[in-house]
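# Descriptive structure summary
These are the residues of each chain, in order.
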Amino acid sequence: MNVAASSRKTLTPDAHARSRRSTTLVVGCVLAGLVVAVAAVSLLWLPYAPDDTSGDRLMPPGAAHLLGTDKLGRDLLTQLMIGARIALTVGAGSVLLGGVLGLLAGLAAGFATRWLDDTVSALLDILIAFPTLLLAMLVVAVRSASLGSAILAIGLGMSAIVARLTRVLVKRVLAQDFVTASRTSGTSWPRVVTEHILPNIWPTLLVNLALQLGLAVLAEASLSYLGLGPPPPNASWGRMLQEAQATVLTAPVGAIAPGVLLVVLVIGVNLIADGLRDVADPTRRRTR
């Protein structure tokens, strides 16, 4: 009996860690998956056309309009579904753009000479300190408000964060003895990058990009709230919140529905990032 109890005590920490990682990932995937499912359905079916204003204004939820209508008579469920698609498109596009640009810039800074590295680091600090909203205003002034402008603005702002993280990780890996031994044996720099650097930095980068996805969704909602996001008839959660603020007391669904989905998506993505940190980061895993 004592032996069994001792075994349970010995196994409990590892079992608890595995259970926590599994639970965090599952909950995150379920929450984010709900929004992904809504966006996927919107590609195949919508209750009404995005610009259909045939409904009465500010109708409450009912059989004809499950979530009611907005102040123009548009179906709120239709806008909510399109908004999920827009949020995921901008989030994924921004992460892809920021990840590629940041990875390339970070690798270049990691291999650069001292003075060039200091120059690149200073430029990255300036970009990070530059607010994304101001950058978006500049992009919109040049390109006009659109889906592509939002992706470009958020992706450029994100690239500086990814680049600085990549630079630090590359410097850390280059200082390892196995990299020095590889170079001494005649391994080319491209092979060092693909065989030693990327395999050792991808877990941390993956977690960071997952976190950046949640921030990109929030940034897109902020841009749309200010009128800098995709223009109508493309619906956006940020624009829905902006349009519903004047009638939030008489028709609260127009503000509650996009707000809830926005929170669900961001929390889901953050939980996925937390679970990935535990699973993919070998350093963190050893400390548990």
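Residues numbered from 1 in each chain as written. Predicted model: local features only at pLDDT ≥ 70, side-chain atom pairs only at ≥ 80, totals over all residues. Heavy atoms only, no water.

### Brief notes about the overall build of the protein chain
- Check the secondary structure of the protein chain and you find 10 helices and zero strands.
- Listing each helix as α and each strand as β along the protein chain from the N terminus yields α-α-α-α-α-α-α-α-α-α.
- Buried residues in the protein chain amount to 41% of all 288 residues.
- Taking all contacts inside the protein chain whose residues are at least 6 apart in sequence as the whole, residues at least 24 apart take part in 70%.
- Carbon and sulfur atoms provide 68% of the accessible area of the protein chain, an area that totals close to 15100 Å². (Helix = DSSP H or I, 4+ residues; strand = E, 2+ residues; numbered from the N terminus. Buried < 20%, exposed > 50% of the residue type's maximum accessible area, 1.4 Å probe, protein only. Contact = heavy atoms within 4.5 Å. Areas by Shrake-Rupley, 256 points an atom, 1.4 Å probe, with all protein chains shown as cover.)

### Side note on empty space enclosed by the protein
- Here the structure, examined in full by the defined rule, presents two cavities of 30 Å³ or more.
- Computed from the structure, the largest cavity encloses a volume of approximately 110 Å³.
- Lining the largest cavity, in full, are L58, T69, D70, K71, L76, Q79, M240, E243, A244, T247, A251 and G254.
- Ranked by residue count, the leading element in the lining of the largest cavity is helix α8 (residues 237–244), at three residues.
- Class assignment of the residues belonging to the lining of the largest cavity gives a composition of five nonpolar, four polar and three charged.
- The volume enclosed by the second largest cavity comes to roughly 70 Å³.
- A total of three residues in the lining of the second largest cavity trace back to one element, the largest contributor, which is α8.
- In terms of residue class, the lining of the second largest cavity is made up of five nonpolar, three polar and three charged. (1 Å grid on protein atoms, 1.4 Å probe; cavity = no way out; pocket = protein on both sides within 12 Å on 5 of 7 lines; lining within 4 Å. Points joined across faces, edges and corners; volume = space filled by probe spheres on them. Nonpolar A, V, L, I, M, F, W, Y, C, P; charged D, E, K, R; others polar.)

### Details of the side chain of S42
- Following the sequence through the fold, S42 ends up in helix α1 (residues 2–44).
- A residue is classified by how much of its surface remains accessible, and S42, at 3% relative accessible area, is buried.
- From its side chain, S42 meets the backbone oxygen of A39 in a polar contact 2.5 Å long.
- Ignoring any residue separated from it by four or fewer positions in sequence, one finds S42 in contact with M81, I82 and R85. (Polar contact = N/O pair within 3.5 Å; in protein donor to acceptor, adjacent residues only side chain to side chain.)

### What to know about the packing of aromatic side chains
- For the structure on display, the rule yields one aromatic pair.
- Considering the side-chain rings of F111 and W189, the 5.0 Å spacing of their centres and the 75° angle between planes classify their relative orientation as edge-to-face. Within this pair, whereas F111 is found in helix α2 (residues 76–111), its partner W189 is found in helix α7 (residues 189–225), the two being separated by 78 residues in sequence. (Phe/Tyr/Trp six-rings, centres within 6.5 Å; stacked < 30°, edge-to-face > 60°.)

### Regarding unusual backbone geometry
- Located in the positive-phi region is L58, a residue other than glycine, with phi close to 55°.
- With respect to the helices, strands and loops of the structure, L58 is situated in the loop between α1 and α2.
- Judged by its relative accessible area of 32%, L58 falls in the partly exposed class.
- Located in the positive-phi region is S144, a residue other than glycine, with phi close to 75°.
- Tracing the sequence through the fold places S144 in the loop between α4 (132–143) and α5 (147–174).

### Structural notes on the UniProt feature "transmembrane region" (unreviewed entry) in the protein chain
- The residues that UniProt annotates with the feature "transmembrane region" (unreviewed entry) are residues 25–48, 86–110, 122–141, 147–166, 205–228 and 248–276.
- In residues 86–110, the share of helix is 100% and the share of strand is 0%. The end C-alpha atoms are 35 Å apart.
- Note that residues 147–166 is 100% helix and 0% strand, and that its end C-alpha atoms are spaced 27 Å apart. (UniProt positions renumbered as here; feature names shortened; annotations may be inferred.)

### Quick word on the pattern of salt bridges
- Using the criterion set out here, one finds five salt bridges in the structure.
- Two residues, E195 and R191, come together in a salt bridge whose shortest N-O distance is 2.9 Å. Here the residue E195 and the residue R191 both occupy positions in helix α7, the gap between them amounting to four residues, near one helical turn.
- Residue class for E195 comes out partly exposed when judged on its relative accessible area of 39%. (Salt bridge = Lys/Arg side-chain N within 4 Å of Asp/Glu carboxyl O.)

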